[in-house]
Amino acid sequence: MNQKITLVDAFADRPFSGNPAGVCILTEPRDASWMQNIAMEMNAAETAFLHPEQDGYRLRWFSPLVEIDLCGHATLASAHILWEDGHLPKEETARFYTNSGLLTAVRNNNWIEMDFPAERETAIETPPGLSEALGTELVYVGQNRFDILAEVTSEEMLRMLNPDLAFIAKLPCRGVMVTTRSDSPDYDFISRFFAPSAGITEDPATGSSHCCLGPYWSKKLNKSEMIGYQASRRSGLIKIKLNGERIILCGKAVTTLRCELLNGID
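Thresholds applied
Residues numbered from 1 in each chain as written. Predicted model: local features only at pLDDT ≥ 70, side-chain atom pairs only at ≥ 80, totals over all residues. Heavy atoms only, no water. Phe/Tyr/Trp six-rings, centres within 6.5 Å; stacked < 30°, edge-to-face > 60°. Lys NZ or Arg CZ within 6 Å of the ring centre and 35° of its normal. Core = buried A, V, L, I, M, F, W, Y, C linked by side-chain atoms within 4.5 Å. Buried < 20%, exposed > 50% of the residue type's maximum accessible area, 1.4 Å probe, protein only. Helix = DSSP H or I, 4+ residues; strand = E, 2+ residues; numbered from the N terminus. Contact = heavy atoms within 4.5 Å.

Participant: Looking at this model, I keep getting lost on the packing of aromatic side chains. Mind explaining?
Facilitator: Given two aromatic rings, their pairing is described by the distance between the two centres and the angle made by the two planes. Within this structure, the stated rule accounts for six aromatic pairs. Aromatic ring contacts, followed pair by pair, group Y140, F189, Y216 and W217 into a single cluster. Stacked on the ring of F146, the Lys or Arg R174 has its end atom at 4.9 Å from the ring centre. A cation over an aromatic ring shows up here: K239 above the ring of W111, its NZ or CZ 4.1 Å from the ring centre.

Participant: Teacher, can you tell me more about the nonpolar core here?
Facilitator: Inside soluble globular proteins, nonpolar side chains tend to come together where they are buried. Formed by 52 residues in total, the largest nonpolar core has its most connected members in L50, W61 and F96. The greatest single-element share of this core, amounting to seven residues, is contributed by helix α2 (residues 72–84). Residue contacts for F96: discarding those within four places in its chain leaves L50, Y57, L59, T75, S78, A79, L82, G101, L102, L103 and A105. V141, A150, L171 and I190 belong to the second largest nonpolar core, which has 18 residues in total.

Participant: Looking at this model, I keep getting lost on helix α1 (residues 32–42). Mind explaining?
Facilitator: Along an α-helix, residues three or four apart share an orientation, since each turn contains 3.6 residues. For α1, the complete set of buried residues consists of W34, M35, Q36, I38 and A39. Residues of α1 that are buried sit in contact with β1 (3–10), β2 (19–25), β3 (46–53), β4 (56–62), β5 (67–68) and β18 (253–261). Just past α1, the residue N43 takes up positive phi, approximately 60°.

Participant: Would you explain unusual backbone geometry in this entry?
Facilitator: Note: most residues except glycine have negative phi, and most peptide bonds are trans. One non-glycine residue with positive phi stands out, namely F11, at about 55°. Relative to the elements of secondary structure, F11 occurs in the loop between β1 and β2. Of note in the backbone geometry, N222 takes a positive phi value of approximately 55° without being a glycine. Inspection of the secondary structure assignment puts N222 in the loop between α6 (207–221) and β15 (225–230).

Pasting the structure below:
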């Protein structure tokens, strides 16, 4: 039997926006090299692989180059497909066992709400050359277990960024999230995310970065519920609710493509 793979635009309410993720639902585990080859072939920011485990699903995420330890948009896409294709009743919680612990997702009208760990940053000395690589003054620089966070002076500057990706790829982190307060009353903050060492030059809409951006802006804005806007070419909208050491990421998803793997199944 050919293996089915679905492409979903996550953190999006219309096709060809948000962040595309491949979703591959398996009946049993597959080896990492096979999954990495599929992710390379899909060439989406991440491809998610799921198979039944306990009372939910084992979930792993692969970029075109490496396995990822936490991914929001591909988790959103996975939950969307589980409900859309009838693997789970729409009123049932999706439970995912991952490298970052148990993650859950529930439907709330047209939104999907995911329970993720808060990935707070701590302040660090600005890595030499980072400001020059981003081409702008940095207000603050911090780092969590995955990424570097850099706050810049204005939304205009953030939108104009044309970073030195070769420099960013050499930093000791997965990627760099750049953020600033939003000029629009529709959003609390905006961001962009660059992870060239993982095969992602600019990620369109990044759930895991908002696990850090949410707590960061919560302190600065004194708010526990916020809306983040990712200012990539495709753009993405992420609602955030802080809950102690957990964070609720809320987004929408749209299925755009269904395909079958014809060769390389075994």
